[in-house]
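Structure assessment
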Amino acid sequence: MRKLIVLTASCFLIASAGAFDAGQPPPKPANIKSIHPPNPSVPGSASSKEGKEGKPAAGAKAAAGKPAKLSAREQEEQAEAELSAKIAERLAAMRANQAARAAAAAKAKKDAAARAAKLAAMPPPRANGTHWAYEGEFGPANWSKINSDWAKCGTGNRQSPIDIRDGMKVDLEQINFDYRPSAFSVQDNGHTVQVTVGGGNFLSVQNRMYELQQFHFHRPSEERINGKGFEMVIHLVHKDAEGRLAVLALLLERGKPQPAIQTVWNHLPLEKRDIANPSVVLDPNDLLPQRRDYFTYMGSLTTPPCTEGVLWLVMKEPVQASPAQMALFSRLYPLNARPIQAGSGRMIKESN
Ligand SMILES: [Zn+2]
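Residues numbered from 1 in each chain as written. Predicted model: local features only at pLDDT ≥ 70, side-chain atom pairs only at ≥ 80, totals over all residues.

This part takes up the overall build of the chain. A count of helices and strands for the chain gives 9 helices and 15 strands. Counting contacts in the chain only where the partners sit at least 6 residues apart, residues at least 24 apart contribute 63% of the total. (Helix = DSSP H or I, 4+ residues; strand = E, 2+ residues; numbered from the N terminus. Contact = placed C-beta atoms within 7 Å.)

What follows is the structure, given as structure tokens:
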């Protein structure tokens, strides 16, 4: 530490002397003179400085009168030279340190950039959320981002529901219903009221036999017919032996009470996600309209994961339900319908 102070002081002195050399008047000439006494035996050093200072005579006189002091001055000169060498050495070391630090900082910056580039090149982490809703942050526009397995909700071009229009009127084969009174369970699953139906209920169409799995409700209707929406819709979800899905949509309009819907409402569990297993049976035939004309197109599930390849069968004739029956559902789910999806040039067929 003491050495450093000496070095720093020397630096200051050298700087001062430099300024003095450059012709600026020193603040305290007397001090400078005492530390750097004139030395005529070393031409071009102290004596030349003294010359510039304009007092060569006094220095010359002192040197001439005391020859013994020359060796002391020489020692002093030597010490000064050594000091200068030390300062130069120290400055070089400082510069080297500075260069090393700058190099280290540049390397760290380069490494950070390389890490960032590596991260950017990696695939994004898989989303695995399970919570979805019909509005807000977890609403339909964001379903595809909540879970990586729900990508189709955002990128699919065979999504449901759609506005059913410009159907090709053809002689569509009749849907063959083979429904029977069945055991059932009822659950409010947080998205809708869902009724799971016991096995043995089938519909057949296009040479395939699909078994009814469950039916559930949406308000308002998800699908539209030529732009017209309905107050509610029932979706009856069927599956064939190979796992292919067919959904039968029954549009609901205000009218007389619907007995099968009433049976479901009667057995609603008090708590969400609780499952009621009533001791009565429910006949899905009671839900069907009289006329069996329908629209058909290929679409998807209307809830995550929005799986495509679903055969949609939308009955043309709406089914009636009473205002009280509809009001009851609206207290639970005022809105649980996915918005209309792009038709993307899909073929729609309808019964003549
Ligand atoms: Zn549905």
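What follows picks up the thread again.
Leu-248, Ala-249, Leu-250 and Leu-252 are the most contacted members of the largest nonpolar core, which totals 50 residues. It is strand β10 (residues 245–254) that contributes the most residues to this core, 7 residues altogether. Filtering out sequence-adjacent residues up to four positions away, Leu-248 remains in contact with Leu-203, Leu-236, His-238, Leu-313 and Met-315. (Core = buried A, V, L, I, M, F, W, Y, C linked by C-beta atoms within 7 Å. Buried ≥ 20, exposed ≤ 12 C-beta atoms within 10 Å, placed from the backbone.)

Once that is clear, we can look at the environment of Asp-286. With respect to the helices and strands, Asp-286 occurs in the loop between β11 (275–276) and β12 (294–300). On the basis of neighbour counts, which here come to 15 C-beta atoms within 10 Å, the residue Asp-286 falls in the partly exposed class. Along the sequence, Asp-286 and Gln-258 sit 28 residues apart, while their C-alpha atoms lie 8.3 Å from each other. Setting aside chain neighbours within four positions, we find Asp-286 in contact with Pro-259 and Ala-260.

Burial in helix α8 (residues 259–266) covers these residues: Ala-260, Ile-261 and Val-264. Down the axis of α8, the smallest arc covering the buried residues is 100 degrees, so these residues share one side. Summarising the geometry of α8, the exposed residues directed more than 90 degrees from the buried face are Pro-259 and Asn-266. (Arc of directions from axis to C-beta.)

Attention now goes to the environment of Gln-194. Checked against the element boundaries, Gln-194 lands in strand β5 (residues 193–197). Separated by 21 residues in sequence, Gln-194 and Phe-215 have C-alpha atoms that sit 5.8 Å apart. Ignoring anything within four residues of it in the chain, the contact list for Gln-194 reads Gln-187, Asn-189, Gln-214 and His-216.

What follows deals with the environment of Gly-199. Tracing the backbone through its elements, the reader meets Gly-199 in the loop between β5 and β6 (202–205). Linking Gly-199 and Gln-213, residues 14 residues apart in sequence, is a C-alpha distance of 7.4 Å.

So, about the confidence of the model for the chain. Per-residue confidence for the chain gives a mean pLDDT of 86; residues scoring 70 or more make up 80%. Every residue in residues 1–65 scores below 50 in pLDDT, and together they form 44 contacts with partners more than four places removed in sequence or on other chains. (pLDDT = per-residue confidence, 0-100.)

With 5 bridges joining them, strand β4 (residues 184–188) and β5 adopt antiparallel strand pairing. The residue of β5 that forms the bridge with Gln-187 is Gln-194. In textbook terms, the turn of a hairpin is the stretch between consecutive antiparallel strands, and for β4 and β5 this stretch comprises 4 residues, one of which, Gly-190, has a positive phi near 95 degrees. Here β4 runs beside β11; their pairing, made up of 2 bridges, is antiparallel. Bridged to Val-186 within β11 is Ala-276. (Pairing = 2+ DSSP bridges.)

Let us look at the pairing of strand β13 (residues 308–315). Pairing between β10 and β13: 4 bridges, direction parallel. Counterpart to Ala-246 in the pairing with β13 is Leu-311. Note that β12 and β13 share 7 bridges and pair antiparallel. Looking at β13, one finds that Phe-295 is bridged to Val-314.

What follows deals with unusual backbone geometry. Residue Ser-160 is joined to Pro-161 through a cis peptide bond whose omega torsion reads 5 degrees. The residue Pro-161 is located in the loop between α7 (152–155) and β1 (163–164) in this model. With an omega of -5 degrees, the peptide bond running from Arg-219 to Pro-220 counts as cis. If you trace the backbone, Pro-220 turns up in the loop between β7 (208–218) and β8 (224–225). Here the phi dihedral of Asn-207 falls at roughly 60 degrees; this positive angle occurs in a residue that is not glycine. The residue Asn-207 is located in the loop between β6 and β7 in this model. By C-beta crowding, Asn-207 is classed as exposed, having 6 other C-beta atoms within 10 Å.

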